[in-house]
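# Architecture at a glance
Listed here are the chains, written in short residue letters.
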Amino acid sequence: MAFTSVKTLLDGYAKQDLNIEFWEYIMLEDMKDQQISRTESMKHVQELMSVMKQAVQNYDANQRSASGLSGGDGAKFAAAQEAGHTLTSGFIADAIRIALTMAECNACMKRIVAAPTAGSCGVLPAVLLAYESNFGAEPEAFIEALYVAAAYGQIIAYEASISGAQGGCQAEIGAASAMAAVALTYLHGGSLEEGANACAFALKNMLGLVCDPVAGLVEVPCVKRNVAGAVNAIAAAEMALAGIQSKIPVDEVIAAMDEIGKLMDSSLRETGKGGLAATLTAKKIEKALTH
Amino acid sequence: MTKIACILYNKNISKGKGLQIIADLFLGESMNLFDILGPIMIGPSSSHTAGAARIGYVARKLLGEEPIYIDIGLHGSFAATGDGHGTPMAIVGGLLGMKPDDERLPQSFELAHSLGIEIIRHNIYLREAHPNTAVLFVKGKKRQLEIQAESLGGGTIRICKIDGINTNFNGDYPTLIVHNIDEPGHVAGVTALLAKRQINLATVQLYRDERGGYAVMVIESDQRIPEDVLYEIEEMPGIIKVTYLNMDA
Ligand code: SF4
């Protein structure tokens, strides 16, 4: 376990005298932890990036999940974008489309990268790939951003949780959104402090979000929550990059998330018993699926 | 993640307490960057799909041959939402040698049928088992095997029983499973041989089958174990069966 809090991560980096960049510091610490070489580590992260891209490229508008609940929405949104009917355009609209697309790929049993979980796999690629097509950046910059995002994810996992069954959806989509916000801040040239603020904003906006998947399947509301996570990440990064500061330090926000997760009733932690899963329509869907 | 070497040899071990301590030690330490970003997997669920495929894959490695008969028992959440998450399909895919990111996983049933493999799937109820537990009974032409395994989340698993004997390992490391007659000396013999061949051991766990009068050692190693070492262990007195599991091979 390399990083135990954002504070120790940033302090650790400030104290190092190797004259290396932040992402590299993270990579070196993790290489020690995993006992792997630099080449192995970089190759792995490159592969994560290419699997994300492939999934979006191979998206099939006709694919449907086994339950029939998911599929086709990414294509619908793409059509609206094409026709110029969307409220947003460019970066934000692309992020919405990619989040839908990736989350649907997951529901339809395609190859994805859990980031940090399969249910929240659309958030990070949504902001990274949309950034790539709207702002452009060197391929290395995305690899670096992934290291930085992963370090924050690791801290959230350590200080709180990244599992819906333990901490509710704030732990899954919330963590994904926080990681995406940090990645975006990094890509757009934000400082380390701005990255920490972006993480704090993204998480704060997701606090309390429960995990209530209909029929216990990672589909409804998960697919659309990936969109929420992506758009929230963009807003959080924007605020941080503008120099706005979180009144509550990021580590305390993470601790609050942990606390809230512990207070959450088990019916709202991936059991498929409360929240949206307990609605009349959800019950009907569940019944239809089990018969 | 660094594992500590531990030796447990205790008549009460199957009662589970010592094992829980070990399990906690391992799980608490296991988050690295690629646990956060990853695994690369076939959706939709890291526990119900990726973990299930891994359970099937480990079972295949332990069986050591292509299965001709597969009986899948699903417990808890695996039983309740497994079909919607493709749990049986992932287990069968794993048993056919597919890893959790294999794009053929969704077609595993078709493939199994074309190979003439018989598949039975049913729900089971186990007392005090993890909610995502599967019990697999598989037969090949030469061997058969029963394993009970849990999917712990994020694609990680724990094999908790092999042929009725309690075990506790996850397949992340090259793993050697040795069934031997329950009498002193065999453990030392095997570990001495491995030491002589300079194979670094990560963990050594010992279990005993109260019914069968034999013991099982599960040895996780930092390195691949060469085949000739496996043969040499097989030839040692008192050794009943040697199984070797290497997920990366
Ligand atoms: S609702 Fe639950 S299963 Fe769905 S994305 Fe959120 S945490 Fe994951």
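Everything that follows concerns the structure shown earlier in this document.
First things first, this report covers the structure right here in the doc. (Residues numbered from 1 in each chain as written. Chains lettered and ligands numbered in written order. Predicted model: local features only at pLDDT ≥ 70, side-chain atom pairs only at ≥ 80, totals over all residues. Heavy atoms only, no water.)

Our next topic: the overall build of chain B. Helix and strand content of chain B: eight helices and eleven strands. Classification of the 249 residues of chain B by burial places 55% in the buried group. Put simply, of all contacts in chain B between residues at least 6 apart along the chain, 69% involve residues at least 24 apart. As displayed, chain B offers around 10700 Å² of accessible surface, 51% of which is attributable to carbon and sulfur atoms. (Helix = DSSP H or I, 4+ residues; strand = E, 2+ residues; numbered from the N terminus. Buried < 20%, exposed > 50% of the residue type's maximum accessible area, 1.4 Å probe, protein only. Contact = heavy atoms within 4.5 Å. Areas by Shrake-Rupley, 256 points an atom, 1.4 Å probe, with all protein chains shown as cover.)

The interface of chain B with chain A comprises 27 residues on the first partner and 40 residues on the second. Its largest share of buried area at the contact with chain A, chain B owes to Leu33, Phe34 and Leu37 of chain B, together 28% of the area lost on that side. Taken together, chain B and chain A are joined by one salt bridge. Between Asp101 of chain B and Arg111 of chain A there is a salt bridge, and its shortest N-O distance comes to 2.8 Å. Put simply, chain B and chain A have ten residue pairs in polar contact (both at pLDDT 80 or more) between them. When residues of the side of chain B that touches chain A are traced back to their parent elements, those giving at least two are helix H2 (33-36) and strand S1 (40-42) of chain B. For the side of chain B that touches chain A, the element with the highest residue contribution is H2 of chain B, accounting for four residues. A class-by-class count of the residues in the side of chain B that touches chain A yields 13 nonpolar, ten polar and four charged. (Buried area = accessible area lost by both parts, 1.4 Å probe. Salt bridge = Lys/Arg side-chain N within 4 Å of Asp/Glu carboxyl O. Polar contact = N/O pair within 3.5 Å; in protein donor to acceptor, adjacent residues only side chain to side chain. Nonpolar A, V, L, I, M, F, W, Y, C, P; charged D, E, K, R; others polar.)

Attention now goes to unusual backbone geometry. At the junction of Ala115 of chain A and Pro116 of chain A, the peptide bond is cis and its omega measures out at 0 degrees in the coordinates. Tracing the backbone through its elements, the reader meets Pro116 of chain A in the loop between strand S1 (111-113) and helix H6 (123-135). Cis rather than trans, the peptide bond between Gly43 of chain B and Pro44 of chain B has omega equal to 5 degrees. In this model, Met109 of chain A sits at a positive phi of 60 degrees, which is unusual for a non-glycine residue.

Any link to function would need more than the numbers given here.
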